[in-house]
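Here is what each chain is made of, one letter per residue.
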Amino acid sequence: MSVFRWVGSVVFMPVLVLSAALIFSILSDHDPLFQSRAVLADGPKTASETATVTVATYEGVINPVAAEYLAQVIADAAKDHAQALVIQLDTPGGLDTSMRLIIKEMSASEVPVIVYVSPVGARAASAGVFITLAAHIAAMAPGTNIGAAHPVAMGGGEMDKEMKKKVENDAAAYIRSIAEKHGRNVQWAEDAVRQSVSATETEALKLKIIDLVADDLNALLAAVDGRTVETATGKHTLQTKSAGVKKIPMTGRMKILNALSDPNIAYILMLLGIYGLIFELSNPGAILPGVVGAICIILAFYSFQTLPINYAGLLLILAAVIMFIAEIKVPSYGLLTVGGVVSMVLGSLMLIKTDIPSMQISLWVILPTAVATAGFFVLVVEMAWKTHKRKTVAGIEGFIGASGIARTEINPRGQILIQGEIWDSVSPEPIREGETVEVTGIEGLKLHVKRSQKSSGGHS
């Protein structure tokens, strides 16, 4: 038990300190009060620069944090009477509910919304396809791609064939209506859902999926200048060529919540939570591991709601933890540890069920975690085994192997003086008074002794 208390103090205190340091570093990045702050990218506006363009950058999974952030910048753009809102997007997809909330806000926006898939290497996949097609103006940077909008079951579980068909039909109808409303390629949009087709920026332009390709933000603003688009409040002619650019970054609170949606962080949080609870239950009163473990488990659950969790993988990880714990109690000669490592690696590989690499747990996180976990439990087993084999030094069992002095003749009964106490004793051979004896066993309050190999001497 002392091993668990020691590990709880050594491991979970640094985790708590590092978490606090991470939060502080995020919040101190020009955002100490958790409040949104706009940043003028081009410096203070001159008198001639009466128009502004609001710019929001989002990279990551489409989740409740993304919906909250983009809804906020749409409201801020309307409040500032911006000429346009540019959403620089790079996403592998995400939650259907969050995607629909974003599109609903975009459709109701008074300010024209431009979705710009950038920078080079960015993509608008899955939910990102819907959001890009729903923009008043859709643009892409060179070296980007769009597509693969087939719906997946988020939050775990496997859809049956009938339900899968219903979800697919619903998504196809939704993307068709979006494409029709904005005059984009309806057939390609439906194929992106049903057949997971994708397109590069040049293919997307030829297929009329997007409106233009722009090398950077300045080129984009110059290209859309003078275009007329229709928003919820009517037609707007954009004047963006000489407009000031106002960037609105995510708040510190949103940064933290968005970071938690990373599958690698969710995985580590889950394991820390499980181990913390194990340490607390194994050694009640340690407190710190239990507190940190409970917090990590709750944060992991928050993260998992945005990820396609495979429950078979989750059960394999739990089975691995059970095997590791059982190794401490059952002498399996390492078989349970080997089984635990195999179960943890397989479960970790299966935990996130998706073909999107950015939403999968990195192998460089899984392998060190499995090795470290196995190493820890092997160390615990070794320490427990050494403790088990160690000679008892407390209680009556501590007399076994100890030396004493025959206080009376023992033949076969008599008394000995050992560790300052007089005990009744028996011996299979006669022992004279004053001889050194060694305790070989205990029977109730009677010690079994034999003549010691040491030379007899005075009383101890």
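See the structure above.
What counts and how
- Residues numbered from 1 in each chain as written.
- Predicted model: local features only at pLDDT ≥ 70, side-chain atom pairs only at ≥ 80, totals over all residues.
- Heavy atoms only, no water.
- Helix = DSSP H or I, 4+ residues; strand = E, 2+ residues; numbered from the N terminus.
- Buried < 20%, exposed > 50% of the residue type's maximum accessible area, 1.4 Å probe, protein only.
- Contact = heavy atoms within 4.5 Å.
- Areas by Shrake-Rupley, 256 points an atom, 1.4 Å probe, with all protein chains shown as cover.
- Pairing = 2+ DSSP bridges.
- Axes fitted to C-alpha atoms, helices over the stretch in contact; angles between N-to-C directions.
- Expected span 1.5 Å × (residues − 1).
- Phe/Tyr/Trp six-rings, centres within 6.5 Å; stacked < 30°, edge-to-face > 60°.
- Lys NZ or Arg CZ within 6 Å of the ring centre and 35° of its normal.
- Salt bridge = Lys/Arg side-chain N within 4 Å of Asp/Glu carboxyl O.
- Parallel < 35°, antiparallel > 145°, perpendicular 65-115°, else oblique.
- Left-handed = near helix turned anticlockwise from the far one by under 90°.
- Nonpolar A, V, L, I, M, F, W, Y, C, P; charged D, E, K, R; others polar.

Draft legend 1. Focus on the overall build of the protein chain. Along the protein chain, the regular secondary structure elements total 14 helices and 17 strands. Taking all 460 residues of the protein chain together, 46% fall into the buried category. At a minimum sequence separation of 6, the contacts of the protein chain that also span at least 24 residues come to 67%. Just so you have it, the protein chain exposes about 22,900 Å², and 61% of that area is on carbon and sulfur atoms.

Draft legend 2. View of the pairing of strand 13 (residues 403–406). Pairing between strand 13 and strand 16 (residues 436–443): three bridges, direction antiparallel. Across the sheet, residue Gly-404 finds its bridge partner in strand 16, namely Val-437. Bridge count for strand 13 against strand 14 (residues 413–418) is two bridges, and the pairing is antiparallel. Bridging across to strand 14, Ala-406 finds its partner in Ile-416. The turn linking strand 13 back onto strand 14 is made up of six residues.

Draft legend 3. Broad picture of the sheet that holds strand 15 (residues 421–426). Spatial ordering of the closed barrel is given by 13-14-15-17-16, a layout of five strands whose pairing is mixed. Across the sheet, the axes of successive neighbouring strands diverge by a mean angle of 55°, strand direction being ignored. Across six bridges, the pairing between strand 16 and strand 17 (residues 446–451) is antiparallel. If you follow Glu-438 over to strand 17, its bridge partner there is Lys-450.

Draft legend 4. Structural detail: the environment of Lys-241. Inspection of the secondary structure puts Lys-241 in the loop between strand 11 (234–237) and strand 12 (244–247). A relative accessible area of 64% places Lys-241 in the exposed class.

Draft legend 5. Just the sheet that holds strand 8 (residues 198–200), in detail. Ordered by their spatial adjacency, three strands build an open sheet running 5-7-8, and the pairing between neighbours is mixed. For this open sheet the edge positions go to strand 5 (123–125) and strand 8, each flanked by a neighbour on one side alone. Adjacent strand axes in the sheet meet at a mean angle of 10°, parallel and antiparallel pairs treated alike. As judged from the three bridges shared by strand 5 and strand 7 (residues 145–147), these two strands associate in the parallel manner. Opposite Ala-125, over in strand 7, you have Gly-147 as the bridge partner.

Draft legend 6. Inspection of helix 11 (residues 288–304) at higher detail. Relative to the 24 Å expected for 17 residues at 1.5 Å per residue, helix 11 spans 24 Å between its end C-alpha atoms, a close match to the ideal helical length. Those residues of helix 11 that sit buried are Leu-288, Pro-289, Gly-290, Val-292, Gly-293, Cys-296, Ile-297, Ala-300, Ser-303 and Phe-304.

Draft legend 7. Geometry of the packing of aromatic side chains. A full pass over the atoms with the stated rule returns one aromatic pair. A centroid spacing of 5.9 Å and a plane angle of 25° characterise the contact between Phe-130 and Tyr-174, whose relative ring orientation is stacked. Within this pair, whereas Phe-130 is found in helix 4 (residues 127–133), its partner Tyr-174 is found in helix 5 (residues 161–181), the two being separated by 44 residues in sequence. Looking at Tyr-174, the relative accessible area reads 17%, which means it is buried. Above the face of the Tyr-174 ring, Arg-100 is positioned so that its terminal group lies 4.1 Å from the ring centre.

Draft legend 8. Inspection of the side chain of Ser-452 at higher detail. In this fold, Ser-452 is placed in the segment after strand 17. Those residues in contact with Ser-452, other than ones at most four positions away along the chain, are Thr-436, Val-437 and Glu-438.

Draft legend 9. Quick peek at the pattern of salt bridges. Here the structure, examined in full by the defined rule, presents 13 salt bridges. Residue Asp-96 pairs with Arg-100 through a salt bridge whose shortest N-O separation is 2.8 Å. Here Arg-100 and Asp-96 lie together in helix 3 (residues 96–107), a separation of four residues that amounts to about one turn. One network of salt bridges, in which partners are shared, links Lys-165, Glu-168, Arg-176, Glu-190 and Arg-194.

Draft legend 10. Layout of the pairing of strand 17. Bridging between strand 15 and strand 17 involves three bridges; their strand directions are parallel. In the sheet register, Ser-425 faces strand 17, and the bridge partner there is Leu-447. What sits between the antiparallel neighbours strand 16 and strand 17 is a turn of two residues, in which Gly-444 has the positive phi angle 65°.

Draft legend 11. Highlighting the packing of helix 5 against helix 6 (residues 186–194). With their axes 9 Å apart at the nearest point, helix 5 and helix 6 run at an angle of 155° to one another. With respect to helix 6, the axis of helix 5 lies roughly antiparallel. Of the two possible hands of crossing, helix 5 and helix 6 adopt the one that is right-handed. Of the residues in helix 6, those touching helix 5 at Lys-165, Glu-168, Asn-169, Ala-171, Ala-172, Ile-175, Arg-176, Ala-179 and Glu-180 are Val-186, Ala-189, Glu-190, Val-193 and Arg-194. For the contact of helix 5 with helix 6, the residue count by class is seven nonpolar, one polar and six charged.

Draft legend 12. Expanded view of unusual backbone geometry. The amide bond that connects Ser-118 to the next residue, Pro-119, takes the cis arrangement and shows omega of 0°. Note that Pro-119 resides in the loop between strand 4 (113–117) and strand 5. Along the chain, Asn-411 connects to Pro-412 via a cis peptide bond; the corresponding omega equals -5°. Note on placement: Pro-412 falls in the loop between strand 13 and strand 14. In this structure, Lys-208 is a non-glycine residue whose phi angle is positive, near 60°. Among the secondary structure elements, Lys-208 is positioned in the loop between helix 7 (201–206) and strand 9 (212–213). For Lys-208, a relative accessible area of 61% corresponds to the exposed category.

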